[in-house]
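Each chain, written out:
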Amino acid sequence: MNARTKHIPIRLSGRAEGIEELAFTVAPSDLALPAEFSAPLDVAVRLDVSSDQIVLRITVAGEAVYPCDRCLDPVRLPVKSRFTLVYNTGDNEAGDVESDDVRVIDHTDPVADLSDDVRDAALVCIPMRITCGEDEQGKALCKTPIPDHLNADAQERTDARWDALKSLKL
Ligand SMILES: [Zn+2]
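Rules used throughout
- Residues numbered from 1 in each chain as written.
- Predicted model: local features only at pLDDT ≥ 70, side-chain atom pairs only at ≥ 80, totals over all residues.
- Heavy atoms only, no water.
- Donors = N, O, S within 2.8 Å, 3.2 Å for Na, K, Ca; no water.
- Tetrahedral: all angles 85-135°; square planar, octahedral: opposite > 155°, others 65-115°.
- Helix = DSSP H or I, 4+ residues; strand = E, 2+ residues; numbered from the N terminus.
- Buried < 20%, exposed > 50% of the residue type's maximum accessible area, 1.4 Å probe, protein only.
- Pairing = 2+ DSSP bridges.
- Axes fitted to C-alpha atoms, helices over the stretch in contact; angles between N-to-C directions.
- Contact = heavy atoms within 4.5 Å.
- Polar contact = N/O pair within 3.5 Å; in protein donor to acceptor, adjacent residues only side chain to side chain.

1. Looking at the coordination of the zinc ion
Metal coordination angles in their ideal form are 109.5 degrees for the four-donor tetrahedron and 90 or 180 degrees for the six-donor octahedron.
Next, step 1: Every protein donor of the zinc ion is accounted for by Cys68 (SG), Cys71 (SG), Cys132 (SG) and Cys142 (SG), and the metal-donor separations fall at 2.2 to 2.3 Å.
Next, step 2: Because the angles between the four donor atoms bound to the zinc ion fall within 106 to 114°, the donor set is best described as tetrahedral.
Next, step 3: When the donor residues of the zinc ion are listed from N- to C-terminus, their spacing reads C-x2-C-x60-C-x9-C. With Cys68 in the loop between strand 4 (53–67) and strand 5 (74–88) and Cys142 in the loop between helix 1 (115–123) and helix 2 (160–166), this pair connects stretches of sequence that are 74 residues apart. As far as the burial class goes, Cys68 and Cys142 line up, both buried.

2. Examining the pairing of strand 4
Next, step 1: As judged from the eight bridges shared by strand 3 (residues 41–49) and strand 4, these two strands associate in the antiparallel manner. Residue pairing across strands places Asp48 opposite Val55, the latter belonging to strand 4.
Next, step 2: From the end of strand 3 to the start of strand 4, which pair antiparallel, there are three residues.
Next, step 3: Both strand 4 and strand 5 contribute to a ladder of 15 bridges, which runs antiparallel. The residue bridging Ala61 from the neighbouring strand is Lys80, located in strand 5.
Next, step 4: Between strand 4 and strand 5, which pair antiparallel and follow one another directly, the connecting turn spans six residues, one of which, Leu72, has a positive phi of 70°.

3. Digging into the sheet that holds strand 4
Next, step 1: As summarised here, the arrangement of the five strands in space is 2-3-4-5-6, forming an open sheet in which the pairing is mixed. Of all strands in the sheet, those bounded by a partner on one side alone are strand 2 (18–26) and strand 6 (102–104). On average, each strand axis in the sheet is inclined to that of its neighbour by 25°, with strand direction left out of account.
Next, step 2: Note that strand 5 and strand 6 share three bridges and pair parallel. If you follow Asn88 over to strand 6, its bridge partner there is Val104.
Next, step 3: The sheet strands contacting helix 1 are strand 3, strand 4, strand 5 and strand 6, and the helix crosses strand 5 at an angle near 140°.

4. Focus: the side chain of Arg119
Next, step 1: With respect to the helices and strands, the residue Arg119 is situated in helix 1.
Next, step 2: Assessed through its relative accessible area of 18%, Arg119 is described here as buried.
Next, step 3: Engagement of the side chain of Arg119 in a polar contact is seen with the backbone oxygen of Leu31, the distance being 2.7 Å.
Next, step 4: Here Asp116 takes part through its side chain, which lies 2.8 Å from a polar atom of the side chain of Arg119.
Next, step 5: Beyond its immediate chain neighbours, meaning those up to four positions away, Arg119 contacts Leu31, Ala32 and Leu33.

5. Observations concerning unusual backbone geometry
Next, step 1: One non-glycine residue, Ala32, lies in the positive phi region at around 60°.
Next, step 2: In this fold, Ala32 is placed in the loop between strand 2 and strand 3.
Next, step 3: Here Ala32 falls in the exposed class, since its relative accessible area comes to 58%.
Next, step 4: Even without being a glycine, Leu72 presents a positive backbone phi close to 70°.
Next, step 5: Within the element layout of this structure, Leu72 appears in the loop between strand 4 and strand 5.

The analysis is restricted to geometry; functional conclusions fall outside its scope.
Structure representation (structure tokens):
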């Protein structure tokens, strides 16, 4: 076990059966999120505790500000994500089967940290391509004139991920 600070600690042992709601406000830097995540994240956790498992329904809300790919103006991106985690107590027959969706409570350290899960959930809210948006005719809504050397549409992408696609020779 590492001694890293748990920024979103959830105690998984000794809880009464039933529904419980927890709320956290977390600084993006505590989750090692990039500086573009400008505001604290609201993390709501609904615990559904039964004798053999605890189901966590987690809602992450916040925002990030990234530069537009075309004009570099700041674009506000809402961060809104929901996911579910299941922790087995390990007391039932299926209790020692662990998968991506089902985890087993570590009784030597029964306080789970949701930091990694919340960071991943926040990052998937950021699209690959970020622009100021388009009107109904598909015209870019960028207000700042776009310098040619920054205009992604007037320029070959040099992103390595695109090179990998080109080499597929479709
Ligand atoms: Zn723009």
